[in-house]
Amino acid sequence: MDPLRQPPSPCSPRPSSPRTQSCEMLGYVGIEAVLDQLKIKAMKMGFEFNIMVVGQSGLGKSTMVNTLFKSKMWKSTLPGLGVPTPKTLQLQSVTHVIEEKGVKLKLTVTDTPGFGDQINNDKCWDPILGYINEQYERYLQEEILITRQRHIPDTRVHCCVYFVPPTGHCLRPLDIEFLQRLCQTVNVVPVIARADSLTIEEREAFRRRIQHNLRTHCIEVYPQKCFDEDINDRILNSKIRQERIPFAVVGADREHLVNGRCVLGRKTKWGIIEVENMAHCEFPLLRDLLIRTHLQDLKDITHNIHYENYRVFRLNKSHVLPRGPGWVNLAPGPAPSPASPQATPRTMKVCRWTQDNSDDEC
Amino acid sequence: MGRAAHCSAFAVVKGQGLPRRRQCNHVSRRDRTGERPAGGLRQLPRWDSLHHELFQSHMAAKTAGMPSQLPDSEQNQKKDNTRSLTMSGHVGFESLPDQLVNRSIQQGFCFNILCVGETGIGKSTLIDTLFNTNFEDHESSHFYPHVRLKAQTYELQESNVRLKLTIVNTVGFGDQINKEESYQPIVDYIDAQFEAYLQEELKIKRSLFNYHDSRIHVCLYFISPTGHSLKTLDLLTMKSLDSKVNIIPVIAKADAISKTELQKFKIKLMSELVSNGVQIYQFPTDDETIAKINASMNGHLPFAVVGSMDEVKVGNKMVKARQYPWGIVQVENENHCDFVKLREMLLCTNMEDLRDQTHTRHYELYRRCKLEELGFTDVGPEHEPLSLQETYEAKRHEFYGERQRKEEEMKQTFVQRVKEKEAMLKEAERELQAKFEHLKRVHQEERMKLEEKRRLLEEEIIAFSKKKATSEIHQNQPFMVPGSSLRKDKDRKKEPGYRFELLCFDVRACETSDGRTDTEEGRRAPRPRGGLGSVWRRSQGL
């Protein structure tokens, strides 16, 4: 990970200063009611979650998103219906508000049709990285305004799901390049797409090989090892990391009747693949990781680590903020990662200012 | 704890849905004095416990995991310009608030209270009573010359909630004879905390999630129970603090006022505050669950409180109370004082809102004022949105230009001074040279004069010696009478034998104008040459 940002991870308890004393309370006071207050506030404000799916066409990205959120986010494109493959990579975003039991979630899904589809896929990750950095930039600009909004709208990408085609061999060079670049900027969860074309043993072997590849190339996917706070986390996350990443998933948005129950699945001549059946595929694991247990953590890591890294890099380059007595004087910033915002045309304005500054300095 | 909650309190039971959330019940909590409310928080399921069969390497053919529920149809919501979606099944993100809460639990909470009031009005006692603990503070003296603020931090823990509580006390408030400067230290302290947070926020490499937030979240203002009205000092202090911090006024030592007087006093106080434009903190009424109770509490402001940590036996229970000969004032009895209301409002219902208000209103106001002071604006002169970046760049250029100019100026002055100094030195040098020349000339003249004198003297010496030689010759020839007398004269003159030798001749003698030989003169009588250094020695004999 970025050498600038070291653990402690975002959720570690605040350090206690030497002057704090620990006091015994003689009776019930009612401090724990603050948790209820927090909940009420959170429910009122609602939650935001931005997810990006990246992968070649035909791997079932749109179907997977529909399955995850059990709704028709997108019309999944059926093959052979004359939809032309896009010539260049274009990012499409769609936003929905979904509510469950009083909890409102504003969900934004960004799709990347055309990724890896061209003959020459060189630098196909640049538009994606540009998009991610643009969201960070937008947030940063909002944050440094004088009169800020009460609640800054959060469009930063919290999680990127990367679909690995089920070749059964190992990660391809395109995958490795992309993962290497993306893991430094955003949380990446790799999944094996269309896992119904692999048997269970093949899946395991494929998974091991992918894990080996990731280790060899020092790619840190979510959950990152360096952000584990305590022993419970480490146990939990090592389970995820060692045994289950990447998840082998199958997506489906049609329902079929199995044993008298209605289940989501894919119907084939040799049987019905149930999406939510753990014996068939690992979709429930992915869903639980993303939504039920680790959603807040994904957002925290994005806000506290990735966004801060971007901010440090950006401010070092352009010396935006005024210097106060607490100014941390850093040496001229780190060599920009390949995901430098100057590469994309979207951030032209940033380009101009940084150019001016570099002229100024020398 | 991290991302995992304790698994023991939660178990996945097939066929049942997820357990219900605990209801937030204020009334019931008031009755409990020493016990924790039953029914813990809904615990968050651990990721691996949701599929614990998998991780116990228990391969079963039956379905594990969450049972698929019958499709629910949710209500359509129209929300601004984003579409809403109906879901055809249970997704499971209702656990989001719990995830958030768990993270907060793990981080711990932070709450800072500022107590402003005269010495001896009962601030420390009230805080002790509020948090049901003894914070070990001794009585402060009345004789401080200035108002000081003393901050102390304590770590409290209740069930799984850790609270870092900071109590800031004003020491010496209202004790001075001249109270004009009493409230300034308080305002400065609050501003200093905002400033520290702002500096942290503006740093490049910042760690806001680790930052110990020391901004004051609430100010308890203690009003002394005179029964009449607000003191001027109180009014002034509250007016200067109301835009910087949430103020909750309380009437201290409320057992000194009777019930009827109390009612009138409260009305008088509120009307005075309103008429002077002091904005005290109003409990929020926008959320339905707490709107009613907050609204009713708003009508009871300011709270009349009594603080005590001493226990007195009433009936068959020990309660916190103050014992008088005429009765016992129970702290937690609603009929006696409003202490329970205060604790309820401050801690149980609105702690989060107080923190929120501090951050989003007071801190933002401070930040805006501070940045505007530095010259940053959001809108340029043509009313187009101006980014901080552009303003900063413009300012930087401006300052840079000014710096250049100043540097030039200084250079100019420096060069000028150098020139002046040089000229002066040259002048001095020339003068010195002239003087030297002059002196040299004088010296030269002197020398010449002396040379002249010497020559003359030598000539005279030669002449004299010639004369002497000739006179001796003359004496040797006629020998007798004419010369003898002369000789006798000479002898006689010589006999006593004074012969004056010129030992040294001083150049300094400028009055050698007569030029006569000294030897002749000296023979007759020693005549000092005006004390100018000629040394004559009288010697005997020839």
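In short, a report on the structure. The shown structure was predicted, so the numbers you read here are calculated from the model rather than taken from an experiment.

## Some details on the overall build of chain A
For chain A, the helix and strand inventory stands at nine helices and ten strands. Counting over 362 residues, chain A shows a buried share of 57%. Put simply, 71% of the contacts in chain A that link residues at least 6 apart link residues at least 24 apart.

## Section: the overall build of chain B
Helices and strands together make up the secondary structure of chain B, namely 14 helices and twelve strands. Taken over 542 residues, chain B has a buried fraction of 41%. In chain B, of all internal contacts separated by at least 6 residues, the share reaching a separation of at least 24 is 67%. In the form shown here, chain B has an accessible surface area of approximately 32100 Å², with 53% of it arising from carbon and sulfur atoms.

## A few points about the pairing of strand 10 (residues 271–274) of chain A
Residues and elements named next belong to chain A. The pairing of strand 9 (residues 261–268) with strand 10 spans four bridges and is antiparallel. When the bridges of strand 10 are listed, Lys-267 appears paired with Ile-272. Between strand 9 and strand 10, which follow one another and run antiparallel, lie two residues.

## So, the packing of aromatic side chains
Tallying each qualifying case throughout the model produces 13 aromatic pairs over all chains. Here Tyr-136 of chain A and Tyr-307 of chain A contribute two aromatic rings whose centre-to-centre distance is 6.3 Å and whose plane-to-plane angle is 50 degrees, an arrangement assigned as tilted. One end of the pair, Tyr-136 of chain A, is in helix 3 (residues 126–143); the other, Tyr-307 of chain A, is in helix 8 (residues 295–318), and 171 residues separate them in sequence. On the basis of relative accessible area, Tyr-307 of chain A is assigned to the buried category, the value being 0%. The interplanar angle of 20 degrees and the centroid separation of 5.1 Å between the aromatic rings of Tyr-162 of chain A and Phe-178 of chain A together place this pair among those described as stacked. Of this pair, Tyr-162 of chain A sits in strand 5 (residues 159–164) while Phe-178 of chain A sits in helix 4 (residues 173–182); the two residues are 16 residues apart in sequence, bridging distant segments of the chain. For the pair Tyr-162 of chain A and Phe-178 of chain A, one class covers both residues: buried. In this structure an aromatic cluster arises from ring pairing among Phe-194, Tyr-197, Tyr-211, Tyr-363 and Tyr-366 of chain B. Above the ring of Tyr-197 of chain B, the side-chain terminus of Arg-215 of chain B is found at 3.7 Å from the ring centroid. Above the ring of Tyr-363 of chain B, the side-chain terminus of Arg-215 of chain B is found at 4.9 Å from the ring centroid.

## A few points about the sheet that holds strand 6 (residues 247–251) of chain B
Taken together, the seven strands give an open sheet; going across it, the order is 1(A)-3(B)-4(B)-2(B)-5(B)-6(B)-7(B), and neighbouring strands pair in mixed fashion. Among the strands making up the open sheet, the edge pair consists of strand 1 (21–22) of chain A together with strand 7 (303–304) of chain B. As paired strands, strand 2 (residues 109–116) of chain B and strand 4 (residues 161–171) of chain B are joined by seven bridges and run parallel to one another. Directly across from Asn-112 of chain B, in strand 4 of chain B, lies its bridge partner Thr-166 of chain B. Relative to strand 4 of chain B, helix 5 (residues 123–131) of chain B is tilted by about 170 degrees, and along the sheet it contacts strand 2, strand 3 (148–158), strand 4 and strand 5 (218–223) of chain B. Against the sheet, helix 7 (residues 232–241) of chain B touches strand 5 and strand 6 of chain B, its axis set at about 170 degrees to strand 5 of chain B.

Calculation notes
Residues numbered from 1 in each chain as written. Chains lettered and ligands numbered in written order. Predicted model: local features only at pLDDT ≥ 70, side-chain atom pairs only at ≥ 80, totals over all residues. Heavy atoms only, no water. Helix = DSSP H or I, 4+ residues; strand = E, 2+ residues; numbered from the N terminus. Buried < 20%, exposed > 50% of the residue type's maximum accessible area, 1.4 Å probe, protein only. Contact = heavy atoms within 4.5 Å. Areas by Shrake-Rupley, 256 points an atom, 1.4 Å probe, with all protein chains shown as cover. Pairing = 2+ DSSP bridges. Phe/Tyr/Trp six-rings, centres within 6.5 Å; stacked < 30°, edge-to-face > 60°. Lys NZ or Arg CZ within 6 Å of the ring centre and 35° of its normal. Axes fitted to C-alpha atoms, helices over the stretch in contact; angles between N-to-C directions.

Spatial relationships are all this shows, so hold off on functional conclusions.
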